[in-house]
Amino acid sequence: NWFNALVDWNERIQSYPPNPRHLVIIQGNGDTIVDWEYNLEFLVTKFPNARVELIDEGQHQLLNEGPALRAKVLGIIDQTLASPLNN
């Protein structure tokens with residue numbers, strides 16, 4: 001069932017128009033769980049005003065990384081929430 005749901009979701013999301021919302025995409029460039037480069041390219045086309053933050057050596061679950069990488073991710077989240085675009 002999950003595979004059919006994935007196929008349905010993928011077809012549906014491909015048809016959505018670009019969204020002008022400003023958002024931040026935080027992605028580890030060491031992620032081996034998903035094809036992050038493909039996904040990032042797709043997300044940037046769907047959200048052209050997105051800001052991309054690549055985390056060097058970050059894996060799939062960025063908040064479960066070591067203290068230094070986790071602090072970097074949390075810093076990006078804090079900065080984003082404090083920015084005028086989010087108020």
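Things to note about helix α2 (residues 36-46)
- Every buried residue of α2 is listed here: W36, L40, F42 and K46. The buried residues of α2 all sit within an arc of 165° when viewed along its axis, so they share a single face. When the buried face of α2 is taken as reference, the exposed residues oriented beyond 90 degrees from it are E37 and E41.

Digging into the pairing of strand β1 (residues 24-28)
- Alignment of β1 against strand β2 (residues 51-55), held across five bridges, turns out to be parallel. Along β2, the bridge assignment pairs I26 with E53.
- Chirality of the crossover, the property in question, places the unit of β1, α2 and β2 among those that are right-handed.

Section: the side chain of Q27
- Assignment of secondary structure puts Q27 in strand β1.
- Setting aside chain neighbours within four positions, we find Q27 in contact with W36, E53, L54, I55 and L62.

About the criteria used
Residues numbered from 1 in each chain as written. Predicted model: local features only at pLDDT ≥ 70, side-chain atom pairs only at ≥ 80, totals over all residues. Heavy atoms only, no water. Buried < 20%, exposed > 50% of the residue type's maximum accessible area, 1.4 Å probe, protein only. Helix = DSSP H or I, 4+ residues; strand = E, 2+ residues; numbered from the N terminus. Arc of directions from axis to C-beta. Pairing = 2+ DSSP bridges. Right-handed = clockwise from strand over helix to strand, strands pointing away. Contact = heavy atoms within 4.5 Å.

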